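Secondary and tertiary structure notes
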Amino acid sequence: MTDDVAPPPLWSGDAVWAGSAINFPVLFLDGNRTVHDANSAARALAEKLAPGSGPETLVGMVSDQDWASAIEQGHWQGVVRPGHLPPLALEIHCGHAPDSPHCIMVVLDISERGERQRQYEELQRTVDRLASTQEQLLQSEKMASIGQLAAGVAHEINNPIGYVGSNLGTLQEYGIALIALVEKYHEALFSDDPASRRDELLQARQRLDIDYIVGDLPNLLNESREGIERVTKIVQDLKGFSRVGRDRQMQPADLLQGLDSTLNIVWNDLKYKVRLEKHYTPLPPVECLASEINQVFLNLLLNAGQAIEQRGTIVLASGCDEDEAWISITDSGCGIPPEAMSHLFDPFFTTKPIGRGTGLGLAISYGIVAKHHGRIDVSSQVGQGSTFRVVLPIRQPRSEEDAATA
């Protein structure tokens, strides 16, 4: 310390720092930039920048022009480059204490903020990559599920397409017969004696079996229309099921419609061994990503079907209270062993034979439901079957920002 300008007693000595929670560099100076005192953080930073030096090193890093600006404006912020070390960002706050010409200089190593910002940005990039990977995994599992059901879906489409094609062949024959009869009527109408052609027309009508055609034609058209509608519904269900859910906002959706739509996709895989029961209670619209919730339904329906070896029953039920809605899928299959219950939602855990499951279905379902702030309740008894209940909030929780803007 200098003898010509002494710091006030409250500024000097270790007492000023005793019990202090200040962990950033602080220096006390006069207008000539003479350091009168500095805390341990300031000394440590000076030692870090120039081993063996004192706090004066920190002051010397600020140019005369910047120091003058700090004195005039009371604040300066900038970046200095201490030799071979990385650039150091500094903030200087200068203010006069009451009745004293001395200045307080606070040095904030903002480079640490920059490092934290860099780490945060890297973490954010990692989170984004994980979200993308999760979405790809979800989409891959969707496609794998559709792949497993491909033969059944193709069968469900081929059936209506087959009888629509057959009906078109029959309609072509009916059209030829009707056109032939119309031609007969045209000839008779423009003949010299139309009345004399009456018996001929009646015979032609009988030979072409027009009465049967007239009776069968409406049924044929209705059946063909139903077949086309069946194909259209399957295609729409597949399109809605396979839609990527990332970056879409949750919207109110009809869970029962989604369940029936998913059931429509897997039905060919179930109908030969499953008796289906529906015990639906009407549900309010539930905020969710419908395509992702349908993925959960698909996984649970497939698991229920695979748990049934020969013949069995799957019961679909629904219910709700003021805050939550639920869908349950119960099968009369083999049940789940107690030792496997705690591992049901572990990635790649499966009790199925090789080639019948990836072990990702329930893990992905758990993640989807958790993202929706819901849960999956499971109960099972070996030899009697299992029940999986998907419980979702009717309205998704609002963040503070959402609540403020609502």
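Residues numbered from 1 in each chain as written. Predicted model: local features only at pLDDT ≥ 70, side-chain atom pairs only at ≥ 80, totals over all residues. Heavy atoms only, no water.

Relative to strand E10 (residues 324-331), strand E9 (residues 312-320) runs antiparallel, the two sharing seven bridges. Bridge pairing in E10 places Ser318 opposite Ile327. In the sheet, E10 pairs with strand E12 (residues 385-393) via eight bridges, with the strands oriented antiparallel. Pairing of Trp326 across the sheet is with Val391, part of E12. (Pairing = 2+ DSSP bridges. Helix = DSSP H or I, 4+ residues; strand = E, 2+ residues; numbered from the N terminus.)

Counting residues in hydrophobic clusters, the biggest one holds 37 residues, and the most contacted among them are Leu255, Ile314 and Ile329. At the level of elements, helix H8 (255-270), strand E8 (286-288), helix H9 (290-307), E9, E10, helix H11 (361-371) and E12 are the ones that each hand at least two residues to this core. Counting residues per element, this core draws most heavily on H9, at eight residues. Not counting residues up to four positions away in its chain, the partners in contact with Leu255 are Leu283, Val286, Cys288, Ile293, Phe297, Ile327 and Leu392. Of all hydrophobic cores here, the second largest spans 19 residues; its members include Val59, Met61, Trp67 and Met105. (Core = buried A, V, L, I, M, F, W, Y, C linked by side-chain atoms within 4.5 Å. Buried < 20%, exposed > 50% of the residue type's maximum accessible area, 1.4 Å probe, protein only. Contact = heavy atoms within 4.5 Å.)

A few words on the sheet that holds E12. If you walk across this open sheet you meet the five strands as E7-E9-E10-E12-E11, and the pairing is mixed. Looking at strand neighbours, the two that pair on one side only are strand E7 (274-279) and strand E11 (375-381), the edges of this open sheet. With direction set aside, neighbouring strand axes in the sheet form an average angle of 15 degrees. Those strands touched by H8 are E7, E9, E10 and E12, and its axis lies near 175 degrees from that of E7. (Axes fitted to C-alpha atoms, helices over the stretch in contact; angles between N-to-C directions.)

Attention now goes to the packing of aromatic side chains. Tallied over the entire structure, the rule returns zero aromatic pairs. Positioned above the aromatic ring of Trp326 is the side chain of Arg389, whose terminal nitrogen or guanidinium carbon lies 3.8 Å from the ring centre. (Phe/Tyr/Trp six-rings, centres within 6.5 Å; stacked < 30°, edge-to-face > 60°. Lys NZ or Arg CZ within 6 Å of the ring centre and 35° of its normal.)

Overall, the coordinates contain eleven salt bridges when judged by the stated rule. One salt bridge connects Arg197 with Glu187, and the closest N-O pair in it is separated by 3.7 Å. Placement of Arg197 in the loop between helix H5 (150-189) and helix H6 (198-207) and of Glu187 in helix H5 is noted, with a sequence separation of ten residues between them. Judged by relative accessible area, Glu187 falls into the partly exposed class, the value being 44%. Note that Arg225 and Glu229 form a salt bridge whose closest N and O atoms lie 3.8 Å from each other. Of this pair, Arg225 and Glu229 are both found in helix H7 (residues 210-242), four residues apart, which corresponds to roughly one turn of the helix. The exposure class of Arg225 is partly exposed, given its relative accessible area of 44%. Residues participating in the shared-partner salt-bridge network are Lys184, Glu187, Arg197 and Glu200. (Salt bridge = Lys/Arg side-chain N within 4 Å of Asp/Glu carboxyl O.)

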